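Fold and geometry: a report
As a plain string of letters, each chain reads:
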Amino acid sequence: MPPSTDPQAAPGELRSGLRYVPEEQTAAVISHELALQAAKEAFEATVGCAVLDTLNVHGSDPTNRYTVKPAASSVHAGLKIGSYWPANDRLGLPRHHSTLLILDQSVGRIAAVLEAGTANAYRTAAADALAVDLLARPDARTLAVLGTGHQAGYDVRAVARVRPVDLVLAVGRDPDRTRAFTDTLARDGIPARPAAAEEAVTSADIIITATTSTTADPALFQAEWVRPGTHVSAMGADAPGKRELPAELLSRAQLFCDITSQSRRIGELQHAPADAPVTQLGDVLTGRAPGRRTPQDITLFDSSGIGLQDLYLGLALLDRLDTAP
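Because the structure is a prediction, the values reported are computed rather than measured.

1. Some thoughts on the sheet that holds strand E9 (residues 192–194)
Strand pairing within a sheet occurs via backbone hydrogen bonds; the two strands may be parallel or antiparallel. Across the sheet, eight strands lie side by side as E9-E8-E7-E10-E11-E14-E12-E13; this open sheet has parallel pairing. Each edge of the sheet is formed by a strand with only one pairing partner; in this case those strands are E9 and strand E13 (278–280). Between one strand axis and the next, the sheet turns by 20° as a mean value, whatever way the strands run. Pairing analysis gives four bridges linking strand E12 (residues 254–257) to strand E14 (residues 299–302), with the strands arranged parallel.

2. Things to note about empty space enclosed by the protein
Over the atoms rolls a probe the size of a water molecule, and its path tells where empty space is left. For the structure on display, the rule yields two cavities of 30 Å³ or more. Space inside the largest cavity adds up to approximately 40 Å³. Lining the largest cavity, in full, are Ala71, Gly78, Leu79, Lys80, Leu100, Leu101, Ile102, Gly307, Asp310 and Leu311. Elements supplying a minimum of two residues to the lining of the largest cavity: strand E4 (77–84), strand E5 (96–104) and helix H11 (307–323).

3. Examining the pattern of salt bridges
Scanning the entire structure with this criterion turns up 13 salt bridges. Residues arginine 95 and aspartate 89 are paired through a salt bridge, measuring 2.8 Å at the closest nitrogen-oxygen approach. Look at arginine 95 and you get partly exposed, because its relative accessible area is 32%.

4. Brief notes about the nonpolar core
Ranked by size, the top nonpolar core spans 65 residues in total, and within it Leu143, Val145, Val168 and Leu308 carry the most contacts. A total of eleven residues in this core trace back to one element, the largest contributor, which is helix H4 (residues 117–135). Here valine 168 is in contact with Leu143, Val145, Val156, Leu185, Ile190, Pro191, Ala192 and Arg193, once residues within four sequence places are set aside. Membership of the second largest hydrophobic core comes to 27 residues, among which are Ala197, Val232, Leu249 and Cys257.

Rules used in this analysis
- Residues numbered from 1 in each chain as written.
- Predicted model: local features only at pLDDT ≥ 70, side-chain atom pairs only at ≥ 80, totals over all residues.
- Heavy atoms only, no water.
- Pairing = 2+ DSSP bridges.
- Helix = DSSP H or I, 4+ residues; strand = E, 2+ residues; numbered from the N terminus.
- Axes fitted to C-alpha atoms, helices over the stretch in contact; angles between N-to-C directions.
- 1 Å grid on protein atoms, 1.4 Å probe; cavity = no way out; pocket = protein on both sides within 12 Å on 5 of 7 lines; lining within 4 Å.
- Points joined across faces, edges and corners; volume = space filled by probe spheres on them.
- Salt bridge = Lys/Arg side-chain N within 4 Å of Asp/Glu carboxyl O.
- Buried < 20%, exposed > 50% of the residue type's maximum accessible area, 1.4 Å probe, protein only.
- Core = buried A, V, L, I, M, F, W, Y, C linked by side-chain atoms within 4.5 Å.
- Contact = heavy atoms within 4.5 Å.

It is worth stressing that arrangement in space is one thing and function is another; only the former is reported here.
Below you can see the structure in the form of structure tokens.
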């Protein structure tokens, strides 16, 4: 059984000493299936755990940013440090990286350190896939993705595992980069082509936004382009002032999120009406609240990112590393 499900064995197991797992090892064992299962366990845990807020800070150079996401379940505790260093492009390195720390709760020391940059991309995509699986219409087939960066491809691939996607319409600012993005998806067996924002949104059953847009930028599309019955996953807003969606859409849609208090503070829902009802995805997953009510509803999931998902992913990675052939 995974360490997260064995409260008696886990503390002794962690007391065996500090364990360091480099990026190469976590990247070798991560998969969409592992990430989705960890996400399900994490969102189930949000129902019974106190979910701790994310801390957003910047490096010595304010253009560099990192977040600290703490988490505690009834058995384990830990945190993720997620960094965003935009100048890494010039070094041939990803802009994003993640480091997971898992605590030995019996003595309060760090038991494991996992470099998890690649795994984190799967983790974020797993939240998107879980939301689509719970909220999108069963017959959803056409996917629009706004953003062609590092994260967008992982999200498309994860969603394609929970819905039989017939076509991906990709919207990006750079035509060459957008074409390269869709060509890569097509080589993986996911039909995809570039599209203008209006064509993509008006055609879509599922919309994913995965950008770094802020309130200083125009919304990525117009609210009236979204058809009844569409599901929207807003993945980019994770700090005050970030925004991807038109305000009118937040008034029309059924609103869902990972954690309401955090989404209201740093997620897309910081721009939602104060009196708009919001449902946490964990409550839908566990049957405590309904998801989509009718085929004509527009459902909107705001992913601000929670530490519990990182904690459960780290535990799943350790378990997979221990059982890998």
